[in-house]
Structures are given as C-alpha cells and as structure tokens.
Amino acid sequence: MTVEQLYGRLPVSIQNAICSLQGWKIQKTRYSSSFWKMFTAVQARGSAGLLGAEVFRDIRLNSFVRHSVETVPYYQDLFKKLGLRPEDIKTLDDLKALPVLNKAQVQDEPERFRSDVISERALISVHTSGTTGSGLQFLSTAEAQHELWAVWWRYWDWHGIRPGTWSANFGWRPIVPVAQDRPPFWRINHPGRQILFSAYHATPENLSHYLNELRMRQPPWLHGFPSQLAVLASHLLETGFELGYQPRWITIGAENLLPHQVALIEAAFGRAPLQHYGMAEAIANISQCELGRLHVDEDFAAVEFLETGQEDIYRIVGTNMSNLATPLLRYEVGDQAELSLQSCLCGRPGRIVKTIDGRKDDYVITATGAKVGRLGNVFKDLEGVREAQIRQSKPGEVTVLIVKSARYHDGDEAEMRRQFASRLGSSMKVNVAYVQAIERTKRGKLRFVVNDIPAGAIDEIEKP
C-alpha cells in the first residue's frame, strides 16, 4: 500500500492533522529566522530606485558568473571553449557573449551544472515541470529558497498581505482522495492558515459546496491557478450564489492570466486578481505593483528579453543569481513577454512588462464533468520526458504525447499513469503515444493541454 492509499483511507480529521503537520514543517523551514533576515534585506533592496537596482544586479551578476566558472564543470568548459573570462561579464548586456541554455541540456547532464563547493548538507532538491511539461530536478540551498520566498512576500506585502493571513488555496495538491464523492472537498492547514481546496473535485455539482465553505470561513485572501479560480467564479455568476463577503485580495500563480479570466473573477468576487510571474528555477521574477504595472525584480535575477521576430514580443531568458548550487546562465523556460516603454508612478524599480505569455493550457474534463487545470505536476519527477502534451476529444479520456530523452526508462510511463490516477481517478482512460516532436503554436510555444471539447478550451469559458 502506498502512502497516498494509506492517507486516502484515514478519517478526514486525521487528514487535516497530517496537512497541518506538513504545514508546521514548512513554517519551521521556509520561515525560519534566516528567512526574516533575508526578507528585511530584500525589502531594503526594493526601495533602491531603478539605477540602484541595476547597479546591484550587475555587481551580483559578475560575482555569480565568477562562482559559476570557478566551481561548475559546464561553465568551466564553456568559458574555455569561448575564450572568455569571468571578468568579461560585467553587465546584463555582456551576457550576450554566452549561448542560451535550455532545459534539455540540464536534464541530460545535471551533474555538470552542480557547483562543487556547496556541501551535501546544504543542498535541497527542487522539482518542477514548467512550460513544456517535462520534469526537471535540480539542487538548491536553504538560502536560495529563503530569497525566492522573500521576493514573493515582498510583492504580497506591497498589497498589504502579511504572513499569517488566512487564505483559500486552489492549487494542484491532491489533498482530497480522488474517489471521495461527498464534501468536504478541502483540508485545513492550521499552522499555514490555509484552506486547501481540491482542484480535482470541482464538478458543477460540487462547486456550491466550495462556495458554502468560503461563505462560512470568509478567508480574506484567495490564491490559486487562474484556471481554477475562473471555474469557481463562473459557477458563482451562473447560479447567483450569495457569497456574503468580498475577499480583500485575489492572487494567482503558475499559469498565464488571461483578460477574460480577470473580467470573470472581478465580476464574481468584486476584486481583480493580482498578477505575479516566477518559477522554481528562479531565472526571472515579475511582480505587479499597487498601480497595476508589472515590474521586473532586477535585484533577484538577471532577466533578458530577446527578440522573437514578432513585433513587441520577446523571449524571457534569465540567470538565477540566487542559486549557488545550480547556476543557470541565460536559461530559457519557453515564456514570452510584451514590454512597455511607460514608467510607473509607484516609484518601485524594474523594467515594466505589459503582458506575459506564459503557461496557457486548456482544461482536462473528467468523466464526472470536473474541469481540471495545471496538470504539469504529473511529470515533475519524470526527467526522462523531454516534452509532453495532453490532448482530449471526449470527457474521461486523454491521449498523452511524449518525446523521450536519453534518460527515459520503462518505469516512467507507469509513474505517469499513477500520477494521473491519483489526480483524476482510475476511471480516466490514458492513452500514450511516443512521438519525435510536438507541434508548436504560431508563436513557437508548446501548449501542454489541448482540448477539442469546446467546454474544455481555456478561452471558451463563459464570460460575465
């Protein structure tokens, strides 16, 4: 019996206790005294002005490049091959001397990107799936993770959100057994002050239970994937449900925020969602200020915007200056942005981004009618998967296209099927097709979920 199966057999009260125990562990590690020192430093950096932020970035970049070349095999060989020295990279513009790095290169030789001066005891393993759906595991440090969360909390703090604020979270965690057919379709993390709502039980029949729970507890902060918040908002508007209160904040993450989702969420909850862009690899971070503009967090990562050949559209490429364990210089995640030439009256530093074209996936529709988004975590531990795409043409059945890497092995497909079952149930039929390549959009992006069912298309959800 797996841990997930054992968890699924426990009473809801014990499952809540387990979620709270996990939440307590996160509070102890993520928000230790070291985090608060980092948060204070990050706050101070945020008031340096644009020139100060860029000077800080370039000084930090030069030091980071030196560390990379001196301690990481891949960069030792690369700089020798190119005839470069660390001191040749002094500014953001100097990075153009280096080639752009992609996930496949890191997947194929992860040990060559690891610094040899970080002790084993200081290392933390991080898992991500990203835009292409392929899994990536890399090493980080507690200090790097503290800075990542400190920068995110700086953004939330701009809007008045403080640690300890109760939130309703709509994310990917399978915290409710998939076979459960009666409420509660949520679990409570008391130390983290979170109501964790299941993304996998959000059927039209169940969504009123979600809204009832919100009405009873009235959490001031809603956070989650915009695809899930949009489904909940659509149900609220369609049914005329009386929520009885207005959330003070709505924040999103991990997916593209589309204009119709903004309108839908604002119409339902009376509050427009705040936007933030970041990722586990920490190669870029973009935060929305109080005046609604998106600022590049220049002090955190060295972010470049490379031309795509399309007017005003740029590829996002970045250098993760916070992670000394796995330096990634000029790393591309596959996202794009439209830049703005306007300044911002808020006074906060950072180049202004107009729009971000990141993860934009359709829903997967289960046999029960639930619309499930953000399934990339099915693949986050499967480093043998180079690329993946989920296609659907009828409810309760999907076809998964997989491009293998050299690290793929027979157990990867079994693990993928187990992950699908844990999220969508054993009744979901999963077909697998191995292909040499997956078709891109006109902008050259890979759509992770493509649904031919009109109700499953991310752009087809009813507007207010």
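Residues numbered from 1 in each chain as written. Predicted model: local features only at pLDDT ≥ 70, side-chain atom pairs only at ≥ 80, totals over all residues. Heavy atoms only, no water.

Turning our attention to the packing of aromatic side chains. Tallied over the full model, the rule gives 20 aromatic pairs. Here Phe-185 and Tyr-210 contribute two aromatic rings whose centre-to-centre distance is 6.2 Å and whose plane-to-plane angle is 20 degrees, an arrangement assigned as stacked. Taken together, the residues Phe-185 in the loop between β4 (167-170) and β5 (186-189) and Tyr-210 in helix α8 (residues 207-217) connect sequence positions 25 residues apart. Across this residue pair, the class does not change: Phe-185 and Tyr-210 are buried. Measuring from ring centre to ring centre gives 5.7 Å for Tyr-408 and Tyr-434, while their planes differ by 75 degrees; the resulting arrangement is edge-to-face. Pair noted here: Tyr-408 is in the loop between β19 (397-404) and α11 (410-424) and Tyr-434 is in strand β20 (residues 429-434), with a separation of 26 residues, a long-range link. Among the residues examined, Tyr-434 registers a relative accessible area of 36% and is labelled partly exposed. Grouped by ring-pair contacts, the aromatic residues Tyr-31, Phe-35, Trp-36, Phe-39, Trp-149, Trp-152, Trp-153, Tyr-155, Trp-156 and Trp-221 constitute a single cluster. A cation over an aromatic ring shows up here: Arg-30 above the ring of Trp-149, its NZ or CZ 3.7 Å from the ring centre. The ring of Tyr-434 carries Lys-404 above its face, with NZ or CZ at 4.5 Å from the centroid. (Phe/Tyr/Trp six-rings, centres within 6.5 Å; stacked < 30°, edge-to-face > 60°. Helix = DSSP H or I, 4+ residues; strand = E, 2+ residues; numbered from the N terminus. Buried < 20%, exposed > 50% of the residue type's maximum accessible area, 1.4 Å probe, protein only. Lys NZ or Arg CZ within 6 Å of the ring centre and 35° of its normal.)

What follows concerns the packing of α8 against helix α9 (residues 226-239). Direction vectors running N to C along α8 and α9 enclose 90 degrees, while the axes themselves pass 10 Å from each other. Taken together, the axes of α8 and α9 are roughly perpendicular relative to one another. Between α8 and α9, the residues in contact are Leu-207, Ser-208, Tyr-210, Leu-211 and Leu-214 and Val-231, Leu-232, His-235 and Leu-236, respectively. Of the residues contributing to the contact of α8 with α9, the split by class is seven nonpolar, two polar and no charged. (Axes fitted to C-alpha atoms, helices over the stretch in contact; angles between N-to-C directions. Parallel < 35°, antiparallel > 145°, perpendicular 65-115°, else oblique. Contact = heavy atoms within 4.5 Å. Nonpolar A, V, L, I, M, F, W, Y, C, P; charged D, E, K, R; others polar.)

This part covers a nonpolar patch on the surface. A cluster of nonpolar side chains, namely Leu-51, Val-55 and Ile-59, defines an oily patch on the protein surface of about 320 Å² accessible area. Summarising the element assignment, Val-55 is placed in helix α4 (residues 49-71). Overall, the relative accessible area of 44% leaves Val-55 in the partly exposed class. (Patch = residues over 30% accessible without salt bridge, like charges linked within 9 Å, V, L, I, M, F, W, Y side chains within 5 Å. Areas by Shrake-Rupley, 256 points an atom, 1.4 Å probe, with all protein chains shown as cover. Salt bridge = Lys/Arg side-chain N within 4 Å of Asp/Glu carboxyl O.)

The end-to-end C-alpha distance of helix α7 (residues 142-158) is 24 Å, a good match for the 24 Å that 17 residues give at a rise of 1.5 Å each. Within α7, 13 of the 17 residues are buried, which leaves it mostly tucked inside the rest of the structure. Positive backbone phi, approximately 95 degrees, marks Gly-160, located one or two places after α7. (Expected span 1.5 Å × (residues − 1).)

Along the polypeptide, Tyr-155 turns up in helix α7. Considering only alpha carbons, one finds Tyr-155 and His-276, 121 residues apart in sequence, at a separation of 8.1 Å. The contacts of Tyr-155, once residues within four sequence positions are left out, are Thr-251, Leu-274, Gln-275, His-276, Ser-287 and Gln-288.

With 15 residues, α11 should reach 21 Å at 1.5 Å per residue; the first-to-last C-alpha distance of 22 Å fits that figure. The secondary structure elements touched by the buried residues of α11 are α1 (3-9), β16 (364-365), β17 (371-372), β18 (385-394), β19 and β20. Of the residues one or two after α11, Gly-425 is the one with positive phi, at around 90 degrees.

With mixed pairing, the five strands of this open sheet are ordered in space as β5-β6-β4-β7-β8. The sheet is open, and its two edges are formed by β5 and β8 (249-252), each paired on a single side. Direction aside, neighbouring strands of the sheet carry axes that sit 20 degrees apart on average. Bridge count between strand β7 (residues 221-224) and β8: four bridges; the pairing is parallel. Within β8, the residue paired with Trp-221 across the bridge is Trp-249. (Pairing = 2+ DSSP bridges.)

Here we come to the pairing of β4. Here is the key point about a regular strand: its side chains alternate between the two faces of the sheet. The alternating pattern of β4 places Ser-167 and Asn-169 on one face and Ala-168 and Phe-170 on the opposite face, and all of these are buried. Bridging between β4 and strand β6 (residues 194-197) involves four bridges; their strand directions are parallel. Each bridged residue has a counterpart across the sheet, and for Ala-168 the counterpart in β6 is Ile-195. Note that β4 and β7 share four bridges and pair parallel. Bridging across to β7, Asn-169 finds its partner in His-223.

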